[in-house]
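Coordinate analysis (summary)
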Amino acid sequence: MIAWLATIPPLAVLLVVAFFVAVESIGIPLPGETVLIAATLLSIDGHVSPWFVATSAVIGAVLGDSIGYLIGRRFGVRLLTVGARRFPKQFGAEQIHRAIGGMNRWGAWAVVGGRFVAFLRILVGPLAGTLRMPYRRFLAANATGAVLWAGAVTTIVYSLGRAAVAIIHQFSWIALVAVAVAIVVVAITVVYRRNTAAAAAAGSSATAVGAAGSADGSTPDSDTTPAPLEMADLFEPDGSLSPLASAAGMHSGEKPLRGIRSAVTTVFAPLARAARRTPFTAGLLGAFVVVALATGALWSPIARRSWYHDVAYGVPSFLDGHWYTLITGTFLSQVPIQYALILIGIVVAVGWAEVKFGTLRAFGIFAGGQIAAVSGTLFVLLAARSFDSAWAADLASHYDVGPSGGVLACLAAALITVRAPWRLRLRFALLAYVTVSLIYLGTLADLEHFLGVAVVMLVAPFVLDRAHPAGRPSAREWRILAFASLVILAAVEVIGTLFPTDDSLRATTSDTSVWIDVAVDVIIIAFIANGIRLGHRLPWVLGVILGALNVLEFVGLAIYAIVALDFPADLFTAMANSALWIALLVIFLLGHRAYRVPLRRSRRVVRNATAAASPLEILTTDGGGTLSWMTMWPANSYFITADGESFVAYQRHSGVAIALGDPVGPPEKLAQTIVEFVAECERIGLAPCLFSVSDTVLDAAPTDWANLQVAEDTIIDLPTLEMTGKKWQGIRSALNRAERENISFRMTALADEPWAVVSQVRAISEEWVGDKALPEMGFTLGGVDEALDPHVKTALALDESGTVHGVLSWLPVYGVDGTIRGWTLDLMRRRDDGFKLVMEFLIASSCLAFQAEGALFVSLSGAPLAHGADYQPTGIDAVLDSLGTALEPLYGFQSLHNFKTKFNPRYERMSLLFRDEGDLPKIALALTRAFLPGESLLGIARMGLGR
């Protein structure tokens, strides 16, 4: 870092310091403090003024924390709401209320002190904004903390030089431990007070009940327990704190702490349950901490101890016969700050492996991975020394400690249990990380990490988890892996050139020829990367040619190294770059079938088999779902299966093929229809998805596909329909009032109606659209033109003068052999100055008319992004729920859904079926264009912001 900063002008150094500190303060974990230390060390040589370095750090800290505060203030409550739905015990309104109280009382001290703790530094700004700390108070505390932190770091580093780095890192670690202890103490204190308050409330409640009972001989019927807090009690509609939340924590009224044992048990009970579930992880964690405390390694680097070489593993230890160091070195860390990463790694990786595979297997994976990493490193270095490698000779003299080889082995094994396709992607990312670290950093630990991960990835699939077979990557997965490899290749070459190193592994300088080499590679990668991602043939051919050239280069350099017995740093650098291209060539060749997408867009069309029947004939013969008639709308295209008996209606937008509703055809061929549609989409480079499908399609879909609910279909079963009882009182009132006001009902085909009626329907529809902030939607929402189809029935409400007060269109739902088994509601329009209950009247009258005809059901259709009151969204569903809330003032989806509940329907889930979460950004863009085909994205954004 220092070497790179020394190569740029002083002003650029200050800008880099401000940028890194600011981005870290926003909440992105960049090494802001490390950059500040490096810049201060650089100022010792007079390259830049230490006063300017400290000032730039202060400016970056204040700006970054302020931006983080604004982000938390803007989006924090939404995240808390989502968290409360998914984790009500951890993010409930009661817990958030106590957190706000803590921020009200101790927020300023938290902002000042958090600046000195590495982990808290990235959280303070967003957290203060989320909990609505007053900005003036936050700004004052933020500026104070920034000045103290930047001043302390620059003063210590400038005064002590490079020795200050260890001191600051050690202080950060001690501060982090202190914060962890403080969190435990605060948690126990909070539990004390909660238990004490609950006991006091129970006592007063019992006293009140007893008094009431003694007065009249009975007990009160009402519940004296206060209603639980809701989110609406804490935040006003504009996002500000409610009076209740604003006063939280300002009045203590505390009582002496009681129930210490109970509170401690409550706080540590989850940890005890986790320890019982994962005994090996808990034991390993405990042993690691005990050894760290016993040896003093937790607060002082053990590399300075006289006995370090007796317990650390490495080539010298094994040559001296100290094989026991494989055990002793596992439970230590070289510097105190590394303990945080190791402890987190044990909890996450080893704990995950133990949960998935059991205690004995987790122990075997950890022990085997650690042994393979350490002993494998020994043999690799001994073999490499015979080539007169300066890198191997240097590493052969090093010592190392730590369990990272076994921890990464557990992580590599646990990734096998992740569902496809993320299983392959995450394993590839882990392997890429350890490989790139080995090639471009090349420390002893990097070699251990690579061997630990590589051994597990080779062995684990055969012995660990038969429930998650690896399978063959799809064409899309090959493209993603190749694209990711290209990006990694470009990134590591640029970073390796920008940040020269003094390691003997690589050349220490980047001359003009190296820069030209890197520039050529980056230009080529930029030229072919997107084509590789899309599966085009020509970029793949160019990539294969480049890979072949690098094979020749690598072979030539290897022959030279073997013959000359010389392995200089420049040679290793060249071979490392060639090796990455060779790995990419292997991916290209293994996935060669994935690159057949025509380069010309006009040739990227869906191929259809010759069908014996038209889509309409297939639909009327085999029937379809409640949205099946929408597949007949002109905006759709059709994919016909190879046997010509099934079809999928789809629309193509933004590189996505959006299938509308369930595929139509024989039910027993549903799974095969989906497979053929997906294969054809991938052949021409489209991302396939199926929108508003039923649970039947979800059951027939590939097992590794994902889905999320986008609506709820509202079904009224007609054979059992009786509009009696209290729950139908509102509907009966609408029917009776329509009769009193001489509003008549007529079921007809709109195409058969006279021009006067059709023109009124158009005028009502245009008036409705004109009142909206956004244009009329399409895709699954039809208009008057779709209602003019002769197959569609139209329900009209007319008064004595022939004025249309409301209109509904009903789409047929076919069963087998041309029978109509139900009807789906599509168009709903009413006159603003007409009969107020016209929608209730029209729907109820239509249901009675279809019931008389012998129909089995009517579907009131599903409002997009709306759901019932008992729906509990999680994950991506919660994001869609927030989107539906944002669009509610524009389209009233939830209001429409609530209106349909008047008819007491049953609900059926309607889902979006897609390959995996990586497709969602494209699918969201494609659905936007499908629903609003006449509007640009810029226009949609402008109208949305202007509401």
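All of these numbers come straight from a predicted model, not from anything done at the bench.

Remarks on the packing of helix α30 (residues 729–740) against helix α33 (residues 838–853)
- As a packed pair, α30 and α33 sit with axes 9 Å apart at the nearest point and diverge in direction by 100 degrees. One finds that α30 runs roughly perpendicular with respect to α33. On α33, the residues that touch I731, A734, L735 and A738 of α30 are E840, F841, A844 and S845.
- The residue makeup of the contact of α30 with α33, split by class, is 6 nonpolar, 1 polar and 1 charged.

What about the packing of aromatic side chains?
- Counted under the stated rule, the structure contains 19 aromatic pairs.
- Residues Y135 and F138 carry aromatic rings whose centres are separated by 6.2 Å and whose planes lie at 35 degrees to one another, so their mutual orientation is tilted. In this pair, Y135 and F138 are both assigned in helix α9 (residues 135–160), 3 residues apart and thus about one turn of the helix distant.
- On the basis of relative accessible area, F138 is assigned to the buried category, the value being 0%.
- With centroids separated by 6.2 Å and ring planes inclined at 85 degrees, the aromatic side chains of F588 and Y595 adopt a geometry described as edge-to-face. The burial state of F588 is the same as that of Y595; both residues are buried.
- An aromatic cluster of three or more residues is present, and its members are Y69, Y135 and F138.
- Note that R425 overlies the ring of W422, its terminal NZ or CZ placed 4.7 Å from the centroid.

Remarks on helix α2 (residues 10–26)
- For α2, which comprises 17 residues, the first-to-last C-alpha distance of 25 Å matches the rise-based estimate of 24 Å (1.5 Å per residue) to within 8%.
- Taken as a whole, α2 has its buried residues at V13, L14, V16, V17, A18, F20, V21, A22, V23, E24 and S25.

Details of helix α13 (residues 279–295)
- Here α13 spans 24 Å end to end across 17 residues, near enough to the 24 Å set by a 1.5 Å rise per residue.
- Taken residue by residue, α13 has F280, T281, L284, F288 and A292 as its buried positions. An end-on view of α13 places all buried positions within 105 degrees of arc, on one side of the element. Summarising the geometry of α13, the exposed residues directed more than 90 degrees from the buried face are V290 and A294.
- Summarising the contacts, the buried residues of α13 are in contact with α17 (338–357) and α18 (359–384).

Some words on the packing of helix α20 (residues 404–414) against helix α21 (residues 422–440)
- Where α20 contacts α21, the axes come no closer than 9 Å and their chain directions differ by 155 degrees. When the interaxial angle is binned, α20 and α21 end up roughly antiparallel. Every pair of crossing elements has a handedness; the one defined by α20 and α21 is left-handed. From α20, L408, L411 and A412 reach across to α21, where they touch R427, L430 and V434.
- Along the lines of polarity and charge, the residues of the contact of α20 with α21 split into 5 nonpolar, no polar and 1 charged.

What to know about the sheet that holds strand β9 (residues 820–830)
- Across the sheet, 11 strands lie side by side as β1-β2-β3-β4-β11-β5-β10-β9-β8-β7-β6; this open sheet has mixed pairing. Both edges of this open sheet fall to β1 (637–640) and β6 (744–748), since each of them pairs with a single strand only. Going from strand to strand, the sheet's axes swing by 30 degrees on average, the running direction of each strand aside.
- Bridge count for β9 against strand β10 (residues 857–859) is 3 bridges, and the pairing is parallel. Of the residues in β10, the one forming a bridge with G822 is F857.
- Each of β1, β2 (647–653) and β8 (804–814) touches helix α27 (residues 615–622); the most contacted strand, β2, lies at about 130 degrees to it.
- Along the sheet face, helix α36 (residues 920–931) touches β2, β3 (656–660), β4 (687–693), β5 (706–717) and β11 (906–914) and points at about 60 degrees away from the line of β3.

About the thresholds
Residues numbered from 1 in each chain as written. Predicted model: local features only at pLDDT ≥ 70, side-chain atom pairs only at ≥ 80, totals over all residues. Heavy atoms only, no water. Axes fitted to C-alpha atoms, helices over the stretch in contact; angles between N-to-C directions. Helix = DSSP H or I, 4+ residues; strand = E, 2+ residues; numbered from the N terminus. Parallel < 35°, antiparallel > 145°, perpendicular 65-115°, else oblique. Contact = heavy atoms within 4.5 Å. Nonpolar A, V, L, I, M, F, W, Y, C, P; charged D, E, K, R; others polar. Phe/Tyr/Trp six-rings, centres within 6.5 Å; stacked < 30°, edge-to-face > 60°. Buried < 20%, exposed > 50% of the residue type's maximum accessible area, 1.4 Å probe, protein only. Lys NZ or Arg CZ within 6 Å of the ring centre and 35° of its normal. Expected span 1.5 Å × (residues − 1). Arc of directions from axis to C-beta. Left-handed = near helix turned anticlockwise from the far one by under 90°. Pairing = 2+ DSSP bridges.

Remember, this is a structural readout, not a statement about activity or role.
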